[in-house]
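Descriptive structure summary
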Amino acid sequence: MNESRQEARRDVVSCQICLITLPYDFYGKKTPYCPGVIYYDDTYLLRDPYNPEPRVVAVAGVCDLCSTIACLDCSVFYTKRFCGRCVLENCESLPPQLVNSVKNKMQQVMDNQTQLT
């Protein structure tokens, strides 16, 4: 019963690329749930629902270039958080393996959106 009350208080964040809506418990670099864990960028974090110990799961972040909120499937962290669109627009400044990985992810996102319409 206590868990359902906690879930009811959760906020949600929507990826502005694939439009998925995800629950989160905290936004920032350092969560009160895991004081020893510090993220490099402000991140949307969810308490791990499958672990009785206090752990968190990152679910989304904000692109450092365009401020787009993007889930982890539609973004990448490479010194800073970048959404897939910004990676593709700035591919000459990033490692080719990273760009290829993002291209594949973004193609899957586009395919999924096409199937939904």
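Okay, so let's go over this structure. (Residues numbered from 1 in each chain as written. Predicted model: local features only at pLDDT ≥ 70, side-chain atom pairs only at ≥ 80, totals over all residues. Heavy atoms only, no water.)

A few words now on the sheet that holds strand E6 (residues 69-71). With antiparallel pairing, four strands are arranged side by side in an open sheet as E3-E4-E5-E6. Both edges of this open sheet fall to strand E3 (26-30) and E6, since each of them pairs with a single strand only. When the angles between neighbouring strand axes are averaged without regard to direction, this sheet yields 45 degrees. Here three bridges tie strand E5 (residues 56-62) to E6, and the two strands are oriented antiparallel to one another. (Pairing = 2+ DSSP bridges. Helix = DSSP H or I, 4+ residues; strand = E, 2+ residues; numbered from the N terminus. Axes fitted to C-alpha atoms, helices over the stretch in contact; angles between N-to-C directions.)

Attention now goes to the packing of aromatic side chains. A ring pair, where both rings are aromatic, is described by two values, the distance of the centres and the angle of the planes. The tally for this structure, following the rule as stated, stands at three aromatic pairs. A ring pair is formed by tyrosine 27 and tyrosine 44, whose centres lie 4.5 Å apart and whose planes are at 40 degrees; its orientation type is tilted. Of the two residues, tyrosine 27 is situated in strand E3 and tyrosine 44 in strand E4 (residues 38-47); the sequence distance between them amounts to 17 residues. On the basis of relative accessibility, which here comes to 10%, the residue tyrosine 44 falls in the buried class. Counting every residue linked through ring pairs, the aromatic cluster contains Tyr24, Tyr27 and Tyr44. (Phe/Tyr/Trp six-rings, centres within 6.5 Å; stacked < 30°, edge-to-face > 60°. Buried < 20%, exposed > 50% of the residue type's maximum accessible area, 1.4 Å probe, protein only.)

In the structure shown here, the tally under the stated rule is five salt bridges. Notably, a salt bridge pairs arginine 10 with aspartate 25, separated by 2.8 Å at the nearest N-O pair. Remark: aspartate 25 occurs in the loop between strand E2 (21-24) and E3 and arginine 10 occurs in the loop between helix H1 (2-8) and strand E1 (11-14); sequence separation between them is 15 residues. Judged by relative accessible area, aspartate 25 falls into the buried class, the value being 16%. Residue glutamate 53 pairs with arginine 55 through a salt bridge whose shortest N-O separation is 3.5 Å. Among the residues examined, glutamate 53 registers a relative accessible area of 48% and is labelled partly exposed. Judged by relative accessible area, arginine 55 falls into the partly exposed class, the value being 44%. In the salt-bridge network here, residues are joined through shared partners; they are Arg10, Asp25 and Arg47. (Salt bridge = Lys/Arg side-chain N within 4 Å of Asp/Glu carboxyl O.)

On any regular strand, side chains alternate: one points to one face of the sheet, the next to the other face. Here four bridges tie strand E7 (residues 75-78) to strand E8 (residues 80-83), and the two strands are oriented antiparallel to one another. Note on E8: the bridge partner recorded for serine 75 is cysteine 83. Hairpin connection from E7 to E8: one residue lie between these consecutive antiparallel strands, with threonine 79 at a positive phi of about 65 degrees.

This next bit is on the pairing of E4. The sheet contact formed by E3 and E4 spans four bridges and is antiparallel. Across the sheet, lysine 30 pairs through a bridge with isoleucine 38, a residue of E4.

Turning our attention to the nonpolar core. Ranked by size, the top nonpolar core spans 25 residues in total, and within it Val13, Ile17, Tyr44, Val59, Cys74 and Val87 carry the most contacts. Going through the elements one at a time, E2, E4, E5, E6, E8, helix H2 (84-89) and helix H3 (96-116) are the ones with two or more residues in this core. Not counting chain neighbours up to four residues away, the residues in contact with valine 13 comprise Ile20, Thr21, Leu22, Tyr24, Tyr44, Val59, Ala60 and Ile69. (Core = buried A, V, L, I, M, F, W, Y, C linked by side-chain atoms within 4.5 Å. Contact = heavy atoms within 4.5 Å.)

What follows concerns the environment of alanine 60. Along the chain, alanine 60 turns up in strand E5. Separated by 15 residues in sequence, alanine 60 and leucine 45 place their C-alpha atoms 7.4 Å apart. Every residue in contact with alanine 60, bar those within four places of it in the chain, is listed here: Val13, Thr43, Tyr44, Ala70, Cys71 and Leu72.

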